[in-house]
Amino acid sequence: MLPKLSIIIILLLIVGCSKEVFDYSKLEAFDDLHKSVSKYSASIESRDINWDSLGTVYRVNISEEMLEQEYFETISKLLREFRDPHVWLLSPTESMYTIEHLGYERNYSESITNAYLSNIEMHNNEISSAFINDSIGYLFCADFKGDREINNNIYSSIFTKFSNTKGLIIDLRINDGGSLYNAQNLLSKLSKQKFLWHTTQNRTLNGFDEKFEWFIEPDPDIFYPNKVIVLNGRFTISAGERFAIGAKLLDNLTIIGDTTANTQGSVMGREMLNGWEYTLTFEKCLSPNGMNYAGIGVPPDEYINFDNSISENKDYILERAIQLLE
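Not measured: the values here are computed from a predicted model.

Cut-offs applied
- Residues numbered from 1 in each chain as written.
- Predicted model: local features only at pLDDT ≥ 70, side-chain atom pairs only at ≥ 80, totals over all residues.
- Heavy atoms only, no water.
- Helix = DSSP H or I, 4+ residues; strand = E, 2+ residues; numbered from the N terminus.
- Buried < 20%, exposed > 50% of the residue type's maximum accessible area, 1.4 Å probe, protein only.
- Contact = heavy atoms within 4.5 Å.
- Areas by Shrake-Rupley, 256 points an atom, 1.4 Å probe, with all protein chains shown as cover.
- Lys, Arg positive; Asp, Glu negative; His and termini not counted.
- Charge placed at Lys NZ, Arg CZ, Asp CG, Glu CD.
- Salt bridge = Lys/Arg side-chain N within 4 Å of Asp/Glu carboxyl O.
- Core = buried A, V, L, I, M, F, W, Y, C linked by side-chain atoms within 4.5 Å.
- Pairing = 2+ DSSP bridges.
- Phe/Tyr/Trp six-rings, centres within 6.5 Å; stacked < 30°, edge-to-face > 60°.
- Lys NZ or Arg CZ within 6 Å of the ring centre and 35° of its normal.
- Arc of directions from axis to C-beta.

### A short note on the overall build of the protein
Then step 1. Helix and strand counts for the protein stand at 10 helices and 17 strands.
Then step 2. Projected onto its principal axes, the C-alpha positions of the protein cover 65 × 55 × 40 Å.
Then step 3. Scored against the burial criterion, the 326 residues of the protein give a buried share of 50%.
Then step 4. Across the protein, every contact between residues at least 6 apart in sequence was considered, and the portion connecting residues at least 24 apart equals 73%.
Then step 5. Approximately 16000 Å² of the protein is accessible, and the part contributed by carbon and sulfur atoms is 50%.
Then step 6. Treating the 29 positive side-chain charges of the protein as one cloud and the 46 negative ones as another, the clouds have centres 3 Å apart.

### A short note on the environment of Leu324
Then step 1. Among the structural elements, Leu324 can be located in helix H10 (residues 316-325).
Then step 2. Taking the relative accessible area as the measure of exposure, Leu324 reaches 22% and is therefore partly exposed.
Then step 3. Counting along the chain gives 96 residues from Leu324 to Val228, while the straight-line C-alpha distance between them is 9.4 Å.
Then step 4. When residues no more than four places from it in sequence are discounted, the contact partners of Leu324 are Lys227, Ile229, Ile256 and Glu302.

### Quick word on the pattern of salt bridges
Then step 1. Summed over all chains, the structure comprises 16 salt bridges.
Then step 2. Across the pair Asp31 and Arg59 runs a salt bridge whose closest N-O atoms are separated by 2.8 Å. Of this pair, Asp31 sits in helix H2 (residues 26-40) while Arg59 sits in helix H4 (residues 51-59), and the two are 28 residues apart along the sequence.
Then step 3. A residue is classified by how much of its surface remains accessible, and Asp31, at 32% relative accessible area, is partly exposed.
Then step 4. Within the structure, one salt-bridge network assembled from shared partners comprises Asp143, Lys145 and Asp176.

### Overview of the nonpolar core
Then step 1. Residues Phe144, Ile170, Leu186, Leu190 and Phe243 are the most contacted members of the largest nonpolar core, which totals 37 residues.
Then step 2. The dominant element in this core, judged by the number of residues it contributes, is helix H9 (residues 239-247), at 5 residues.
Then step 3. Dropping the residues within four chain positions of it, Ile170 is found in contact with Leu139, Leu186, Leu190, Val228, Ile229, Val230, Leu231 and Phe243.
Then step 4. By size, the runner-up hydrophobic cluster in this structure holds 26 residues, among which are Leu33, Leu54, Leu89 and Phe282.

### What about the pairing of strand E14 (residues 283-286)?
Then step 1. Residues Glu283 and Cys285 point to one face of E14 and Lys284 and Leu286 to the other, with burial holding for every one of them.
Then step 2. Relative to E14, strand E7 (residues 195-204) is paired through 4 bridges, and the arrangement is antiparallel. When the bridges of E14 are listed, Gln201 appears paired with Lys284.

### Structural notes on the packing of aromatic side chains
Then step 1. By the definition in use, this model includes 13 aromatic pairs.
Then step 2. Arranged with centres 6.2 Å apart and planes meeting at 40 degrees, the rings of Tyr24 and Tyr71 form a pair that is tilted. You can see Tyr24 sitting in the loop between helix H1 (4-17) and H2 and its partner Tyr71 sitting in helix H5 (residues 68-80), a full 47 residues away along the chain. Comparing Tyr24 with Tyr71, the two get one shared label, buried.
Then step 3. With a centroid separation of 5.4 Å and 65 degrees between ring planes, the pair formed by Phe72 and Trp276 is classed as edge-to-face. Pair noted here: Phe72 is in helix H5 and Trp276 is in the loop between strand E12 (267-271) and strand E13 (277-281), with a separation of 204 residues, a long-range link. The pair formed by Phe72 and Trp276 is uniform in burial state, with each residue classed as buried.
Then step 4. Following the ring pairs from residue to residue traces out a cluster consisting of Tyr24, Tyr71, Phe72 and Trp276.
Then step 5. Over the face of the ring belonging to Tyr71 we find Lys26, whose NZ or CZ atom lies 5.9 Å from the ring centre.

### Details of H4
Then step 1. Within the span of H4, buried status applies to Trp51, Leu54, Gly55 and Tyr58. Across the axial projection of H4, the buried residues extend over an arc of 105 degrees, all falling on one side. Residues of H4 that are exposed and point more than 90 degrees away from the buried face comprise Asp52 and Thr56.
Then step 2. Tucked inside the fold, the buried residues of H4 contact H2, helix H3 (43-46) and H5.

### Section: unusual backbone geometry
Then step 1. Positioned with a positive phi, Asn119 is a non-glycine residue whose angle comes to about 55 degrees.
Then step 2. When you line up the elements, Asn119 lands in strand E3 (residues 118-122).
Then step 3. Judged by relative accessible area, Asn119 falls into the exposed class, the value being 57%.
Then step 4. Residues other than glycine seldom take positive phi values, yet Ser238 does so here, at roughly 60 degrees.
Then step 5. Relative to the elements of secondary structure, Ser238 occurs in the loop between strand E10 (227-232) and H9.
Then step 6. Exposure remark for Ser238: the relative accessible area of 12% places this residue in the buried category.

Okay, here's the thing in structure tokens:
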């Protein structure tokens, strides 16, 4: 049974999040949302969105008498126009995650993939490593979250373990992003030369600020010299996609699988006048040659469609990676 104090805290949280706490104008909240997105979203330009026109189209469907559920669905549909996996909408009773509405399929199954692996080692909840046929290293990163120094030490230990392998597979098929510095540290162990990774620009009231250049500098202690195959999919998101941009710049790395999710810039959280929370991408990310993959995704070097990826208890993407390294 919960202690009385815990019950009181839970009740206070429920009351504090309740939509009944205050009255608000649905039209005013809509207009404030539209204005805020106009100011801070980098996706309006990169995804060629006519935001003003969309605002007009959706605003005529707003009435003060509509139910909260109807209002939530209207705002959700508006935000989903970006087709940006970074965009969420959260109310006390409902949630909308754009990626769930894009028709993406996961080209990864843990149980099927693990059948190919031996000596699986879990380094934390997000990172694991294993061997394939005793001669190929396998690194799985569910995301790039976590402490930068701790993760870098994990990466270093894994590369040390794989120092005698003839090839490496880095599986990012369901990597949903996290710290860009973790992706940077992983890439630093795969290059002997410093190189321009990508540039970013934050959205400002007057457009975008100056470009910031991101570089990959070689790790002074660790370098993996052999061929590397990177596995990507539609659920490779954000920092995972920026890793893919870097992978395309290294001759010894090959990406196979599917195109990434389609959102590389950093995300910010905002709040509507009624207390609902939403997110948007405020940063523009460009490859060294000026390519903006927002709304498109980073394509693989070798495409394997979903129907030919996971079926009949076979991981055909992983099998193709093994074939490329044999």
